[in-house]
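Architecture at a glance
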Amino acid sequence: RPGTDRDREREREREPAMMSGRPGLRSSVRAVGPGFAGSNCCLSPQSCSPGRAGPRRPSEAALLPGELVVSESSNVRKCIATDTCAHDLYGTLLCTNFKISFLTNNVTPFQKCQYRNLLLAEHDVALTCVEQVVAVNDAKKKRKVLGPTQHLKFKPTELIIYCKDFRIIRFRFDESDPESARKICLVIAHYSQPKDLRLLFGFAFAREQSQDSADGVNGPDSGWQTPLFETYSDWDREIKRTGASEWRVSSVNENYTTSTSLPEYFVVPSSLADEDLKQLAPSFNGARIPMWCWHHWTGCALVRMANIKPGMQLRKHDRRILQAIAQSHPEKSGVFKSDLDKSLPRVLEVQAALVRLKQLCIHDSFEETEEKWLSSLENTRWLEYVRLFLKHSAELTQWMYNKNISVILQGKLYIVVVNSVWNRWGLAPEFVG
Amino acid sequence: PTLTFPRGAAAPAPSAAAAAAATGGRAVVEEEEAALGLRDSQPHTPVRSFEHQKPGLKMASASSSMVYSTSTPISSSTIKAQTEDVPLLPGEDVKSKEKDVIYICHFNGPKKGVVYITNYRLYFKSVELDPMTTLDVPLGVISRVEKIGGQSSRGENSYGLEITCKDMRNLRFALKQEGRSRKSMFENLTKHAFPISSGLQFFAFENKETCYEDGWKVYDPIEEFKRLGLPDEKRKWRITNINQNYELCDTYPPILVVPASASDDDLRKVAAFRSKGRLPVLSWIHPDNQAVIVRCSQPLVGMSGKRSKDDEKYVDIIRESNGQTQKLTIFDARPSVNAVANKATGGGYEGDDAYQRAELIFLDIHNIHVMRESLRKLKDIVYPSVEESHWLSSLESTHWLEHIKFVLAGAIQVADKLASGKNSALIHCSDGWDRTAQLTSLALLMLDSFYRTTKGFEVLIEKEWLSFGHKFATRIGHGDKNHADADRSPIFLQFIDCVWQMTKQFPTAFQFNEVFLVTILDHLYSCRFGTFLYTCEQQRSKEELRKRTVSLWSFINSEMDKYTNPFYTKDQRVLYPVASMRHLDLWVNYYIRWNPWFRQQQDPVQQRYKELLVVREQLLKKLEELQIMDSSTGMLPHVSNSSTPSSPVPVSPRSQTTL
């Protein structure tokens, strides 16, 4: 079966990382390179630090290095059920530069075999998870969506936080100090919508960490580490691991001189010299020249690239690329080019489907959607898109695994939303791998 | 030497790969066989390969499994057929053989081959050997055989037979227009697939297979009542054999549990006021709060609104027996409209004025005709092809999952009344053998962890379905050619689907696995075992099923490993599944199992499960040893080997499965 051995191999590779999930924050998660999915931010019950379950006051809030409490409000009520306040919890709401935290005496009893998030406690929400912050005053029937730098003229009685992960969290301020309530609403709105990505907590955390220890941000050097594919050697090792002998690491993009969106080092067919690449780059959208992702031991490779700009050179360059990739195949066999723009939904369509899914799952009333649940779910098209991605990935796998033919993924949308395209392209190699 | 390979024999590897290796690399495509690894329940693959290639090896493995082998002499026709490669059970004979038949496979195209019809199965074997296609269908699953095409029809493969099956598939065969082969195949199929219509007997009576477990001993009503603590300490309930000769109620079992203060005479009067004489009798009693589940049929109220003082008093005694609450809840499984409509035919429901201290709840579960229609629509969208576009809305329009939801939701209400409300519950529908059986058995599964073990589940089926007279013969139409009979309905299948939904939501709470459920459904139709034949205990004892047939539980319990869930952890808490469309799934491994594109890669998973079971055994043994060491030194406290909490706390899927 395709990939079974590789999967097992990967499992083995991941194991040491799981083992290092000890208390302390250095084993935290970093972005992972292609083919290395999964995160290990869960901590097994055995390794949980004791004493965290008892009643806590703000001063006792568990803070990460570099984390600061910005604002807090006491006697806040967290709403648990929508139809009754019988299960509501009282506690202190606070906002740090990393998370929104709710400290309560009422902690869910810790169960055997249950895993606990290492970074976030039961009632914590990371600021980056917040999608929308809404302040409400029942008496005045006012409701305001809070932007990053807004004023709030009314006294909020309720704060509703809509999260990216489909949660809606409600806090009530009936018994808390109105000023502190108003302030914490604004602070949460401000900190969850940073104007500059450099204000994200990760940077403060990394600074603190690098001062703190000689081990570097990425944890102690002992044992296995996730390759970040930022260095020449990471790619070189990957070529050797997969046995892609007809491919080489190119430094043509050192200091991002060729393309600002490609990494500094990447893998190209051995038959293309750096000079060739420089010459080809301008004819690709975003100068995103073909870049190797993965190699099957039988010889076929998975390659990704942007569309070639229309013009006189299009055909010539296209042929050149195909030839070079075919040359890197031990059997010099043909290449299958997959036009992702044609076979997959557009980024905006996927986004719209997610919005519809969210609407269905968290906004629409339960009773109404229950009756027509299946057709409503179908109408969001989310599952259809998931199916298309899987189906297409499976087809590409067939080309490589059954026919031993190299595959090129080609698409054009990355310029619009670089991030989304990374996700979109990231999907296919993941499944092929 | 016996040529029949004993079922479950240890040595020959059952996997297709091993068989292929033994036959010199020839790939064997086990076409249309149960996708869930059921193929090793059939002896043919290993037999054939070893017979051809390594006779010595075959002998060795046959002798090493003496335990399973049968001492019954095998008839000459059996031996003859064996040489022709048809797998046969002891007692099974080849009745006809048709050559040059084309099996029109919906997935892999037409295959030419030979069809054998025995008294148990239809067996097709392709002429082509690489890949070889075989088709092995118990005749019991056939609901209809039709001729397609006439002498004048042209076009390739347009002349032949279309076979409609009860297990979500159709089979089509093309035959030559010349000769009498179609007539002969049609007649033989009709004769042996519908033995009751053609004056023959079920194969179960001819089946001579033997198992080393006796499944007929699985359920003993007295034992089961004892397990439930009956008769109870306070003497509120008594066990009676008033129905010994099926005179009180001909569709009830001989032994019943009734309120102690109701006299035999009272019982007769109450029975007279209930449809088909199915008076309220105890089904289950809560070990702690003594709340009970009582089942019966509808009261005979009729248009005139008749009342029975005896019935009212009897229901009140049931209410009083509880002692903790003043209320009794009556669950009428039907939609209220249907309950009212039943008055026209003499039935009805318990009115407020007559039964003042009971609350009546309608559970809105539709009748057998609605369920049959729903399954028919489901079959339309899953066989032979599955349309990808608009799949979910097509599924929704069958309403199959919606009906599942109502059945589950009803059972949850019953379980909750007993566990949280400490109320007793009286359950009925119209006759108390379809929806009532679904509700009581599902509620019992939620309340009592015993029924979640493999043997407990067998007891549950024996008790709530078989002994209380679910009309299997009529609902399934065993051996009857009348395929359009309006009394047929997939009520039991619906129940098994609900159980499957529960196993999905509580993956560690059940001792049995999916293969177990599929096997039960396969033999619901196969007529190989006596278990699901006939409609009630009276008929079964008349036919001497226990003496003359093998029980399905004998077959299953002789090979328990195959049906065991490696993740099972005993948990005595009450299970509350979520009965919401959001949490119900279509049981693809059952309903779409004939489509090879939907077949999940089961074999490696099954293999892994088996390995896990071995590891689990070893660990439990080690734990036991350590405990013995502990207790002998007396140094360390006793360690319990299960995570069972001492007090039963209800559990919802989320709290159980959160990691």
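Calculation rules
Residues numbered from 1 in each chain as written. Chains lettered and ligands numbered in written order. Predicted model: local features only at pLDDT ≥ 70, side-chain atom pairs only at ≥ 80, totals over all residues. Heavy atoms only, no water. Pairing = 2+ DSSP bridges. Helix = DSSP H or I, 4+ residues; strand = E, 2+ residues; numbered from the N terminus. Contact = heavy atoms within 4.5 Å. Axes fitted to C-alpha atoms, helices over the stretch in contact; angles between N-to-C directions. Core = buried A, V, L, I, M, F, W, Y, C linked by side-chain atoms within 4.5 Å. Buried < 20%, exposed > 50% of the residue type's maximum accessible area, 1.4 Å probe, protein only. Patch = residues over 30% accessible without salt bridge, like charges linked within 9 Å, V, L, I, M, F, W, Y side chains within 5 Å. Areas by Shrake-Rupley, 256 points an atom, 1.4 Å probe, with all protein chains shown as cover. Salt bridge = Lys/Arg side-chain N within 4 Å of Asp/Glu carboxyl O. Polar contact = N/O pair within 3.5 Å; in protein donor to acceptor, adjacent residues only side chain to side chain.

1. A short note on the sheet that holds strand β4 (residues 99–104) of chain A
Residue and element names in this part refer to chain A. Pairing within the open sheet is antiparallel, and its eight strands lie in the order β6-β4-β3-β2-β10-β9-β7-β8. The sheet terminates laterally at β6 (125–126) and β8 (142–145), the two strands that pair on one side only. In this sheet, β8 lies alongside strand β7 (residues 130–137) in antiparallel orientation, the contact comprising four bridges. When the bridges of β8 are listed, N137 appears paired with K142. Sheet strands in contact with helix α2 (residues 178–192) are β2 (69–79), β3 (89–96), β4, β7 and β9 (158–163), and its direction is about 115° off that of β2.

2. Examining the sheet that holds strand β15 (residues 424–428) of chain B
Residue and element names in this part refer to chain B. With respect to topology, five strands assemble into an open sheet ordered β11-β12-β15-β13-β14, the strand pairing being mixed. On the outer flanks of this sheet lie β11 (281–285) and β14 (358–362), each paired with one strand and no other. Adjacent strand axes in the sheet meet at a mean angle of 25° when their direction is disregarded. Of the pairings in the sheet, the one linking β11 to strand β12 (residues 292–295) comprises four bridges and is antiparallel in character. Among the inter-strand pairings, W284 is bridged to a residue of β12, identified as I293. Most of the contacts of helix α12 (residues 400–419) go to strand β13 (residues 328–332), to which it runs at about 170°, and overall it touches β11, β12, β13, β14 and β15.

3. A look at the pairing of β14 of chain B
As judged from the five bridges shared by β13 of chain B and β14 of chain B, these two strands associate in the parallel manner. Within β14 of chain B, the position partnered with T329 of chain B by the bridge is E359 of chain B.

4. Topic: the pairing of strand β2 (residues 94–105) of chain B
Residue and element names in this part refer to chain B. Alignment of β2 against strand β3 (residues 109–118), held across nine bridges, turns out to be antiparallel. Residue V94 lies in a different strand from β3, and its bridge partner there is T118. If you look at the hairpin formed by β2 and β3, you'll find three residues sitting between the two strands. Taken together, the two bridges between β2 and strand β8 (residues 170–174) define a ladder with antiparallel strand orientation. By the bridge assignment, I102 is partnered in β8 with A174.

5. Quick look at the nonpolar core
Among the nonpolar cores identified, the biggest contains 155 residues, and F173, F457, F492, I520 and Y591 of chain B are the most heavily contacted of them. Among the elements that line this core, the one with the most residues is α12 of chain B, at 10 residues. Not counting chain neighbours up to four residues away, the residues in contact with F457 of chain B comprise L445, F450, Y451, F495, I496, V499, F512, F516, L517 and I520 of chain B. Judged by nonpolar contacts, the second largest core, of 34 residues, contains L64, I100, L159 and A189 of chain A.

6. Let's talk about a nonpolar patch on the surface
Residues and elements named next belong to chain A. Taken together, the side chains of L383, V386 and L390 present a nonpolar region at the surface, about 220 Å² in accessible area. Counting through the fold element by element, V386 comes out in helix α11 (residues 382–401). Assessed through its relative accessible area of 34%, V386 is described here as partly exposed.

7. What to know about the environment of G149 of chain B
Mapped onto the elements, G149 of chain B comes out in the loop between β6 (142–148) and β7 (160–165). Apart from residues no more than four positions distant in its own chain, G149 of chain B is found in contact with S158, Y159 and R182 of chain B.

8. Concerning the environment of T96 of chain A
All names here are of chain A. Take T96: it is sitting in strand β3. Classification of T96 by relative accessible area gives buried; the value is 0%. It is 9.5 Å that separates the C-alpha atoms of T96 and F201, two residues lying 105 residues apart in sequence. Those residues in contact with T96, other than ones at most four positions away along the chain, are L63, E67, L68, V69, V70 and L127. A polar contact of 2.7 Å, which involves the side chain of T96, links it to the side chain of E67.

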